[in-house]
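# Reading the structure
Each chain, written out:
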Amino acid sequence: ASSFARMFVQVCLYFYCKCLWRCLKFVVRKLTGQCELQRICYNTKPGAARTMKIEASLKGSKSKRLQTSVNVHPDAIEKTIDDIMELKRINPDINPQLGVSLQACLLQIVGYRNLIAEVEKLRREPYDSENPQHEEMLLKLWKCLKPNSPLKARISKQWCEIGFQGDDPKTDFRGMGLLGLYNLVYFAEWDTEIAQQVLTDSLHPKYSSVWQCLDFNYFFFLSQLSKAEWEKKKFDKAIGYSFAIVGINITDLAYNLLVSGALKTHFYNVAPEAPTLTHFQQTFCYLMHEFHKFWIDEDPLDIMEFNRVREKFYKRILRQLQNPEMALCPHFAASESLINM
């Protein structure tokens, strides 16, 4: 009985608030002479804050035409803007900037939806060793990461050197399909120096000796250190994780941020129009670099703590993206063109 009463109160409260909200909107429109879309566009600066308010307004409208405007094809956006202006009885000649602002917002909203579809398609496509394009991408990953170490054979233990689990990397792409490979290749090709550095760092196993990689001059330098200083120096770069496997896992993290809508804040702030696959891959680069630093700062005992560190990192990114002003500021070579957009 008590649960039924609570549910009844919640339903009544919902309808009361909904009716009250519509009444308030009506009163404000009469007082200002502007509809909600006009007030948002004129009083909110471009970016995530404006686009997300426009999206919420359209989806929450009692008009079906407005509700479906966020799902139109990109080619139909101009026609959709005309329909919105007509429905809201707004003269485009008197309000020319409104149409421009609405178009930019709709391009972002529709583009985000299409990006999810594109990313999902890649995620669902399995790696096929019989497909020459798939094989070419995989070999490109090796060449970018290990340019001075030729791959001796397609099936080789060498793949473990860049963080795959076995002799044939194709088995590691099951979870994320081609999306995982696309992201790794993008990172290695466009942010080569950083990707190679992250790979090098990741090859330092936790609590293993570093004697084998020291030259004579560095050995002399270390011999002058106190025991405490030596212990600190010894473990400064003790990272110990599988680069490729972590890359596929971070692809999964980026995918979840995308489909949950959390990345809207970032994309609506950095993409002036429709966000693209390049924006998503650039975000992956950012997440890889940030996770690498986060892993070092967390200083886990071993790889068994990966899930704990990953979850903590994921929550930190989510908190950052709750700020409508937030853009995951890129600092990669591949990001320079996006910064200027």
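Bear in mind that the values here come from a model prediction, so they are computed numbers and not experimental data.

Our next topic: the overall build of the protein chain. The secondary structure content of the protein chain amounts to 16 helices and 0 strands. Across the protein chain, contacts joining residues at least 24 apart in sequence account for 68% of those joining residues at least 6 apart.

Applying the stated criterion across every chain, the model contains 15 aromatic pairs. With centroids separated by 5.5 Å and ring planes inclined at 75°, the aromatic side chains of Trp142 and Trp159 adopt a geometry described as edge-to-face. One end of the pair, Trp142, is in helix 7 (residues 132-145); the other, Trp159, is in the loop between helix 7 and helix 8 (177-190), and 17 residues separate them in sequence. Here Trp142 and Trp159 have matching classes, each one buried.

Quick look at the pattern of salt bridges now. Following the criterion strictly, the structure yields 18 salt bridges and no others. One salt bridge connects Glu135 with Arg154, and the closest N-O pair in it is separated by 2.7 Å. Residue Glu135 is found in helix 7, and its partner Arg154 is found in the loop between helix 7 and helix 8; the two are separated by 19 residues along the sequence. Through salt bridges with shared partners, one network takes in Glu298, Glu305, Arg308 and Lys312.

Here the structure, examined in full by the defined rule, presents 0 disulfides. Cysteine Cys41 remains unbridged, with the sulfur of Cys105 as its closest cysteine sulfur at 5.4 Å.

Here the focus is the nonpolar core. The biggest cluster of nonpolar side chains holds 85 residues, and the ones touching the most others in it are Ile54, Leu141, Leu181, Leu257, Phe280 and Leu287. If you tally residues by element for this core, the top one is helix 6 (residues 96-124), at 11 residues. Taken domain by domain, this core gets at least three of its residues from each of domain 1 (34-124) and domain 2 (132-204 + 240-322). Among residues more than four places away in sequence, those in contact with Leu257 are Tyr112, Ala262, Leu263, Leu287, Tyr314, Ile317, Leu318 and Leu321.

A few words now on the environment of Ala153. Mapping Ala153 onto the fold places it in the loop between helix 7 and helix 8. Linking Ala153 and Asp167, residues 14 residues apart in sequence, is a C-alpha distance of 9.7 Å.

Another aspect to go through is the confidence of the model for the protein chain. This prediction gives the protein chain a mean pLDDT of 84; 79% of its residues lie at or above 70. In the predicted structure, residues 230-235 sits below a pLDDT of 50 and forms 11 contacts with residues beyond four places in sequence or in another chain. This model gives residues 330-341 a pLDDT under 50, and the stretch forms 26 contacts once residues within four places in sequence are excluded.

On to unusual backbone geometry, then. At Arg89, a position not held by glycine, the phi torsion is positive, near 55°. Residue Arg89 is classed as exposed on the basis of its relative accessible area, which comes to 77%. Positioned with a positive phi, Asp299 is a non-glycine residue whose angle comes to about 50°. Mapped onto the elements of the fold, Asp299 is located in the loop between helix 14 (277-298) and helix 15 (306-321). Since its relative accessible area comes to 43%, Asp299 is described here as partly exposed.

Let us look at the environment of Gln197. Tracing the chain through its elements places Gln197 in helix 9 (residues 192-202). Of the residues examined, Gln197 reaches a relative accessible area of 39% and is grouped as partly exposed. Residues Gln197 and Leu145 lie 52 residues apart in sequence; the distance between their C-alpha atoms is 9.4 Å.

What follows deals with the packing of helix 3 (residues 48-59) against helix 6. Helix-helix packing is described using two parameters, namely the angle between the two axes and the distance between the axes. Across the interface, helix 3 lies against helix 6 with an axial gap of 9 Å and an inter-helix angle of 85°. With respect to helix 6, the axis of helix 3 lies roughly perpendicular. Touching Arg50, Thr51, Ile54, Glu55 and Leu58 of helix 3 are Ser101, Leu102, Cys105, Leu106, Gln108 and Ile109, all from helix 6. Counted by class, the contact of helix 3 with helix 6 contains 6 nonpolar, 3 polar and 2 charged residues.

Between its terminal C-alpha atoms helix 14 stretches 31 Å, which fits the 32 Å expected from 22 residues at 1.5 Å a residue. Of all 22 residues making up helix 14, 17 are buried, and the element is well covered by its neighbours. Where helix 14 terminates, the next one or two residues include Asp299, which has phi positive at roughly 50°.

This next bit is on helix 2 (residues 36-43). In terms of residue burial, helix 2 counts as a mostly covered element, since 6 of its 8 residues are buried. Restricting attention to buried positions, one finds in helix 2 the residues Glu36, Leu37, Gln38, Arg39, Ile40 and Cys41.

Take Arg319: it is sitting in helix 15. Through-space distance from the C-alpha of Arg319 to that of Ala262 is 9.6 Å; in sequence the pair is 57 residues apart.

Parameters and conventions
Residues numbered from 1 in each chain as written. Predicted model: local features only at pLDDT ≥ 70, side-chain atom pairs only at ≥ 80, totals over all residues. Heavy atoms only, no water. Helix = DSSP H or I, 4+ residues; strand = E, 2+ residues; numbered from the N terminus. Contact = heavy atoms within 4.5 Å. Phe/Tyr/Trp six-rings, centres within 6.5 Å; stacked < 30°, edge-to-face > 60°. Buried < 20%, exposed > 50% of the residue type's maximum accessible area, 1.4 Å probe, protein only. Salt bridge = Lys/Arg side-chain N within 4 Å of Asp/Glu carboxyl O. Disulfide = S-S within 2.5 Å. Core = buried A, V, L, I, M, F, W, Y, C linked by side-chain atoms within 4.5 Å. Domains from an automatic or database assignment. pLDDT = per-residue confidence, 0-100. Axes fitted to C-alpha atoms, helices over the stretch in contact; angles between N-to-C directions. Parallel < 35°, antiparallel > 145°, perpendicular 65-115°, else oblique. Nonpolar A, V, L, I, M, F, W, Y, C, P; charged D, E, K, R; others polar. Expected span 1.5 Å × (residues − 1).

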